[in-house]
Structure formats: structure tokens, C-alpha cells
Amino acid sequence: MRDRYDIIVIGGGHAGVEAAWAASSALAHGGSRGFSGEGRVALITMDPARIGQMSCNPAIGGLGKGQIVREIDALGGMMGLVIDATGIMFKMLNTSKGAAVHGPRAQADKYAYAAEVQRLIATRSNIDVIAGTVDDIVVESNQVVGVVVPSGTGLVASNNQQIEHNGTNDDRARPVYPSQPTASARSGKPRMLRCANVVLTTGTFMRGLMHTGDTQTQGGRVGEGSAVGISATLRRLGFELGRLKTGTPPRLAAGSIDWDGLTPQIGDDEPVPFSDLSPEQLPAGRFPHLPQTQCRITATTAQAHELIRANLHRAPIYSGQIEADAGPRYCPSIEDKVMRFPDRDSHHVFLEPESLHTNEIYCNGISTSLPIDVQERIVRMMPGCEKAEIIRWGYAVEYDMVWPHQIDSTCMTKSIQGLFFAGQINCTTGYEEAAGQGLVAGLNAARLACDEEPIRLGRDQAYIGVMLDDLVTKTPREPYRMFTSRAEHRLLLRADNADERLTALGRELGLVDDRRWGAFQRRQHELGMIRDRFDSTSGRLVDGKTLREIARRPEISTNQITAWLDHSFDSRLIERVITEARYDGYIVRQRAEIKRQVQAEGRSIPAWIDFQSILGLRAEAAQVLARFRPRTMGQAARLAGVNPADVTLLAVAIRRGPIASQAGIT
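Draft legend 1. Representation of the nonpolar core within the structure. Core analysis: the largest hydrophobic core is formed by 77 residues, its most contacted members being Tyr113, Ile121, Val199 and Ile464. Apart from residues no more than four positions distant in its own chain, Tyr113 is found in contact with His14, Gly52, Met54, Ile60, Met79, Val82, Ile83, Thr86 and Ala108. Among the nonpolar cores identified, the runner-up in size contains 31 residues, and Val134, Cys195, Val198 and Ile230 belong to it.

Draft legend 2. Structural context of the pattern of salt bridges. Taken as a whole, this structure holds 45 salt bridges when the rule is applied. Note that Lys65 and Glu433 form a salt bridge whose closest N and O atoms lie 2.8 Å from each other. Note that Lys65 is positioned in helix α2 (residues 65–74) and Glu433 in helix α12 (residues 431–449), a separation of 368 residues in sequence. Here the two residues Lys65 and Glu433 agree in accessibility, since each one is buried.

Draft legend 3. Layout of the state of the cysteines. Summed over all chains, the structure comprises zero disulfides. Free of any disulfide, Cys385 has its nearest neighbouring cysteine sulfur in Cys363, separated by 6.1 Å. Residue class for Cys385 comes out buried when judged on its relative accessible area of 0%. No disulfide involves Cys411; its nearest neighbouring cysteine sulfur is the one of Cys427, lying 14 Å away. Owing to a relative accessible area of 0%, Cys411 belongs among the buried residues under this scheme.

Draft legend 4. Quick look at the sheet that holds strand β8 (residues 143–149). Sheet architecture is open: three strands sit in the order β7-β8-β10, paired in antiparallel fashion. Whereas interior strands pair on both sides, the edge strands pair on one side only; in this sheet they are β7 (136–140) and β10 (191–194). In this sheet, adjacent strand axes meet at a mean angle of 30 degrees when their direction is disregarded. In this structure, β8 lies alongside β10, joined through four bridges in antiparallel fashion. Following the sheet pairing, Val148 is matched in β10 by Met192.

Draft legend 5. Just helix α11 (residues 372–380), in detail. When α11 is considered as a whole, its buried residues turn out to be Val374, Gln375, Ile378 and Val379. The arc enclosing the buried residues of α11, seen along the axis, measures out at 130 degrees, which places them on a common side. Looking at the packing, one finds that the buried side of α11 touches β12 (209–212), β15 (251–253), α8 (302–310) and β20 (390–392).

Draft legend 6. Local environment of the domain arrangement of the protein chain. Its domain assignment divides the protein chain into domain 1 (4–246 + 399–505), domain 2 (251–265 + 289–397), domain 3 (513–593) and domain 4 (611–663). Put simply, the middle of domain 3 and the middle of domain 4, counted by C-alpha atoms, are 46 Å apart.

Draft legend 7. Region of the structure containing the packing of helix α1 (residues 14–30) against α12. One way to put it is that α1 packs onto α12 with a least axis distance of 7 Å and a crossing angle of 30 degrees. The orientation of α1 with respect to α12, classified from their angle, is roughly parallel. By crossing handedness, the relation of α1 to α12 is classed as right-handed. Contacts between α1 and α12 involve His14, Ala15, Glu18, Ala19, Ala22, Ala23, Ala26 and Leu27 from the former and Tyr431, Ala434, Ala435, Gly438, Leu439, Gly442, Leu443, Ala446 and Ala449 from the latter. When the residues that make up the contact of α1 with α12 are grouped by side-chain class, the tally is 13 nonpolar, three polar and one charged.

The rules behind these values
Residues numbered from 1 in each chain as written. Predicted model: local features only at pLDDT ≥ 70, side-chain atom pairs only at ≥ 80, totals over all residues. Heavy atoms only, no water. Core = buried A, V, L, I, M, F, W, Y, C linked by side-chain atoms within 4.5 Å. Buried < 20%, exposed > 50% of the residue type's maximum accessible area, 1.4 Å probe, protein only. Contact = heavy atoms within 4.5 Å. Salt bridge = Lys/Arg side-chain N within 4 Å of Asp/Glu carboxyl O. Helix = DSSP H or I, 4+ residues; strand = E, 2+ residues; numbered from the N terminus. Disulfide = S-S within 2.5 Å. Pairing = 2+ DSSP bridges. Axes fitted to C-alpha atoms, helices over the stretch in contact; angles between N-to-C directions. Arc of directions from axis to C-beta. Domains from an automatic or database assignment. Parallel < 35°, antiparallel > 145°, perpendicular 65-115°, else oblique. Left-handed = near helix turned anticlockwise from the far one by under 90°. Nonpolar A, V, L, I, M, F, W, Y, C, P; charged D, E, K, R; others polar.

Given below as C-alpha cells:
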């Protein structure tokens, strides 16, 4: 284990692995020779065999979330490749509505998913995986200089680096990293690893405490421990912490469920991959790679709801046992559902296989922390589950987080240079939201190491940009989850065009490798040909209209357009151009609006500004601006408590300059 790294990533969850992956790529591109002398990343995690684990729902994507995964892929990230290699049911959601709100989603074999993440990490020679915890983050003069790890922390060697995409399914479900580290050096006292950049991705582990009824167990995930010291470190460094909760449902044995009579949920006949590379990268272009399965739907009952109401005093969130401020609004526990919707006598529960190699069934829809005896009765009241064997009980977990007004949209903290936060520590929920933040944090940590300017994604560029802007301009009241409704420019931020929005940027930043760039250029060439045919006079078919005009008619199908094109173009690219044609008028107006916003959005707010001293600024606005410290006028305008008149006064103060503003000169 080395003594120096350019970047240290703490945590091996979805945020941590994307941060390490992006940092690895960007360091190699930027040629950093900083702390490490060779551009190296350390990924420190408590249990290397759990890197990339799906702690809760064994699925990736969904409404808004699927767009984030496509953006991660367009920027050269891991998540799209991993879910394509390990997905066992692919389905496009919201297809009854317009293409702008379609959401790709896939069930995963969760063991194969983690193994594939580990396999990819093991391919990067400039990433060291280290088994252990971090006791302290060392800061000098508001700059990160290193981390302290306890005795026994050690470098971990991959034990399965030879696994390739054509390996057997059984191979793909085995961890690549062993649970027990092989230490290159051990000592009896803590050790400092020097670095200038730290990405902290604690997930639910920061003072994590699990609850099932009145039983409490320290840990951020079943079978794992809690990261206790890091909370005290962050408080000592001056950060304002909060406490949140989330939960997970019981798991059932597949063989104990009566599947007959339960409504099946089946994947798409022609599944769409998340990654633009998957058809080329998987063996013989085969997609999907793994055998496909299906889910079944059951439901809670009125009798179960009565049972829940009668036992609310035994539910930790209602008994006062849980101290957390809030839980996820859009993924509530069954206790919350029953209380929030008293008129409902049932709620859907999706029975989802967790793996092709185990009998575990995830009960999507009944996350709970109720006592074991109550959970058992709730499950057995559901149709098809009358004799169900529960192999793991549901539980709630509460954990510390950092209120995100203390970071900016690069994921770097405002008070400490080189310290980045990503994932649930920033008050978000979901694998996809965590991974998107991880990519941005890892990229910007690498750019800082290479003395390059940080990158901020705009609200008109990506859902990732929307998410980070929301986090730094609004104080979330509960864990933040992405939806298409959060994006005012969602007609432009579709899942199908993520590559055109972001891949050229990713190439410029060193995130996109030659293989991905070549595939992108081939798609661009084909798209250009399709667009030319849509607009060319030779394409006139009906009443002197071009294909673009004809494609706007809702009754015209993709198959008809394909036949008229008379060429073997990729059907997904044809559908993209049809979508462009149908949204054309709206997109023109949206681009014009974005152009009007760009000047104000990009105007930076200087560091010298003292909001409290701005003449005429309302006290509420001054307090809000001082709390969030927005970096641009656009961010300032979006803060709750700041009105257009306040923004005008702020602009005047900036124009006057620091001396005149501080003196109150008009």
C-alpha cells in the first residue's frame, strides 16, 4: 500500500465506484503527477467483496433515473455497462406517453452485478482497492492533506481478474475481491495516507443504525458495520449534519410462493440496452447477456392494513425510536403508506427475483421496520404468499448526512479545498443519483489534481446537472429522488439522446475512451444520413411533404418510416429522429428560452461579496444567500427566499466592486 495518492475515494458503493472510475480515466488523460507521482486512486472500503452491492432493490433505472444511467454511460461511466451485462429483465417504462419521459429500467442479478463492478475496477491499473475504514480526514489551512486509517488496513488483490464477458454465469456471480485483505504492510498504530483530494461516499454507513421492531443493530447494511468516527470528523471540520432514514423489505424464498394466479410482469420483447457499447462489447453482440426472467404482482390486504395500524406503536419510526429527520417520500415504508393513504385497502407488491442463482425474492412495496411477528403476518396475508418462507426480515436504517448547501455543483465542499461528497451523504436516495454524483465528484477531484478548472453540468445539459443544481439551491426536506418532472428542459434531456448531449464533452475531459468514441462517431454518421433523408426533396412521398413532416403525424409508425427510408438503418436511431420531428416546434422554443437564460446563469458571483452588507437587500434574502453561497446569478435566482428585486440588487453590488459595495456607495 502506497503512502501517497492523488485521490482517495472512501466507500465502495455506487457513488464510490463511479468516482474511482471517473478519477482513474481523467487522471490518465490529464497526466497528473501530483501527490502520487503517477496519477493514482485509492478506493477504501470496509469489505471489498461488497463493492458494487445492491443494498436494496435489485434494479437499475426508472423514470428520471434511467436518464441518469444513460448520461453516466455517455460520459464513459460504468453503470450502463454493468446493468447490461447482468440484467435479467429489461423494460421501458412510461411508453404510453411521449419519448421525453420514457424511462429505461432493468432487474439485475445482484450478485453478478457486484461481481461485474469489481471486475471492471480490477481492470484499472491505477486504482488500488484498500480494505479498511477511515478514522480521520486531515485538513491544513482549509486544504485536504490526507486521511488516517487504522492498523491492519491493507491493499487487496483481485482474485478473479481473469473473468471475461464470456465467462459462465456462475463465474459472473462470484466476488472478484476477497473479504479478507492481503495487507502489503501492517503496523500497530494508525497510518496516514497523504493526498490532496478526498471523495467521501458514506452511503448509509455514517453512524448507521438498523431497526427491526425494538431491536437495534449498529450498521449501514445487514451483516456490515457502521462508520462512527467520520461523523465526529465532519462536525469538527465545521459541517452541519442531519439524520435521515431509509428501509428495505423482507425477502422470501421463491419455492415457498404460490406463483399461479399472480399477474406476471414481463420484460420487453426487444430490450433496449443502457450502454451504447453493450451490443459491441458483449460476446458475439448478444444482448441481453443473461437469461431473462419475469416478476409477479401481488398486493397487501385490508386485513394487513388493520394489523399495521394496530401495531404502529411497535414501529420504530412512530414510536420515537428512530431519531432521523425524514425518510424517502417516494419510496415509503408500508407503515407510511397505510397512514398516508387511509382510504386505500391495498397496495401493489412486486415479487422480484434477486438472482438467477439463488431463491431470494425481493418484495418491492412493503419496506418496513415493524417487528418480525408483524412482518410475517403481513406477508402471509398477501395472495400467493400464504405459506411464504421469509429468509430475511425488513429493517429501517438511520444514518448521518451533510446538508448539501455546503457543497457546490462540482460536489466539492465550499469550505475545504479538495474535499468532495457524493451519494446519500448529500441527502439523495437511489443507486443512480449516487452514481451520477460520484462521476462528477471523481472527475472534478481529478481535474483539481491536474490543476484544471472544475466542470459543472447545466440544467439544460443533463439530469445530473438538474440534480446537483437542486441540491445546492434548495434544502431537501427528505431524501432527494430524480423524476422527469424536475427537469424544465426534459424535451431535450431524453434517454435516447444522452450521447449527443454529453459524449463529446466526455471525450474532451478524458472520460470517453477510443472504443466508445469510435462507436459514437459511427452513430453520428448514421444519424446524419437519416436526418438528410428526412429533410431531402427526394424523400417527398405524400402531398409533397418530406419524411420529417410525415413523421409528425401520430398515426405514422416507425415501421412505415423505416420502409420509406429503404435502408437498413438502426431502428433506434430512426426512432430518435422521429422523436425530434414530433418535438421540433417545442424544442425550438425551449432552445430559445435556454439561450435567454445562459447569460444570467453563467454570470459568476465573486468570492468577495458580503451579502449582509448589500444596501437595500432584504434580511431574508441576505440570510439565504449567505447560507447557500451560490456560485452564479442563475443559482441565486432559484433560491427560495430570493426574489427578482433581490437579484437586481445583487447584480448592482457586483458591478460596483468590492470597495464601493462594502462602503455602501451608490
